[in-house]
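Geometric and topological summary
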Amino acid sequence: DDVRRLDIRVGKILSAEKHPEADALYIEQIDVGDEEGPRTIVSGLANYIPLEELEGRMCTVLCNLKPAKMRGVESAGMVLCGSDNDEGKVQLLEPPADAEIGERINVEGYEEPMPDPVLKSKTQQKVWPRVAEDLKTDGEGRAVYKGKPLLTSAGTLRCPDLKDAPIS
């Protein structure tokens, strides 16, 4: 199943700042357990989550997308969030407080993930959109893929205030 090809990990936002070239973007330094240190990730959260609410927060990061330049800054991943388009609400997909930074996310009932190193070919780049169609929060705000919970060793990922919402 394509979901096993994704490298989704627990991260911690070490710092965040406004992108100098784009009002809707933040540039974050996120620890996802890489030996080289934190990753630079550009996200479109500026219109939804105040800057001061990001620093120090645990988050969930898709780590094996092909790096992409966003307004001149290379982004090495994507912060996963739930969203309610009707209300314009976006929330970080939160791991449990005692989840380990860098820990890989599993889907209940699926074998361990076997992620591609980087999803860079044309066929590999279709993996994330296909999985995203079936990734959402359930009626209790828990992250699910095809109805099965997304798990860390410490428990389920959640968007506490978003029910039955898409995750991307």
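The present account deals with the structure reproduced in this document. Residue positions are given per chain, counted from 1 along the sequence in the order it is written. The model is predicted, so local features are restricted to residues of pLDDT at least 70 and side-chain atom pairs to those at 80 or more, both for listing and for counting; the totals for chains, interfaces and linings are taken over all residues. Computation of side-chain values: all heavy atoms of the structure, hydrogens and water removed.

Some details on unusual backbone geometry
You will see that Arg71, though not glycine, has its phi angle at about 55°, which is positive. Counting from the N terminus, the helices are the DSSP runs of H or I reaching at least four residues and the strands are the DSSP runs of E reaching at least two. When you line up the elements, Arg71 lands in the loop between strand E5 (68–70) and strand E6 (73–75). The exposed category is assigned to Arg71, whose relative accessible area is 52%. At Asp164, a position not held by glycine, the phi torsion is positive, near 50°. Among the secondary structure elements, Asp164 is positioned in the segment after strand E14 (155–156). Relative accessible area decides the class of each residue, using a 1.4 Å probe on protein chains only: under 20% of the type maximum gives buried, over 50% gives exposed, and in between gives partly exposed.

Re the side chain of Glu28
Along the polypeptide, Glu28 turns up in strand E2 (residues 22–31). Positive charges come from Lys and Arg, negative ones from Asp and Glu, while His and the chain ends are left out of the count. Here, a salt bridge means any Lys or Arg side-chain nitrogen found within 4 Å of an Asp or Glu carboxyl oxygen. The side chain of Glu28 sits in the buried core without any salt bridge; Arg57 is the nearest counter-charge, 10 Å away. The definition of a polar contact used here is a pair of N or O atoms within 3.5 Å, where within protein one atom must be able to donate a hydrogen and the other to accept one, and adjacent residues in sequence count solely through side-chain atom pairs. A polar atom in the side chain of Glu28 sits 2.5 Å from the side chain of Ser43. Only heavy atoms matter for contacts: two residues are in contact if any of them lie within 4.5 Å across the pair. Ignoring anything within four residues of it in the chain, the contact list for Glu28 reads Ile13, Ser15, Ala16, Arg39, Thr40, Ile41, Val42, Ser43, Leu45, Leu54 and Val79.

Comments concerning the sheet that holds strand E1 (residues 8–19)
Taking strand neighbours across the sheet as the criterion, the five strands line up as E3-E2-E1-E4-E7 in an open arrangement whose pairing is antiparallel. Lying at the two open borders of the sheet, with one neighbouring strand each, are strand E3 (39–43) and strand E7 (78–79). Here the rule is simple: two strands pair whenever DSSP picks up at least two bridges between them.

Section: the side chain of Arg9
Along the chain, the position of Arg9 falls in strand E1. Overall, Arg9 belongs to the buried group, its relative accessible area being 9%. At 2.9 Å, the side chain of Arg9 and the backbone oxygen of Val32 are in polar contact. The residues contacting Arg9, other than those within four sequence positions of it, are Val32, Asp34, Arg39, Cys59, Thr60, Val61, Cys63, Gly102, Glu103, Arg104 and Ile105.

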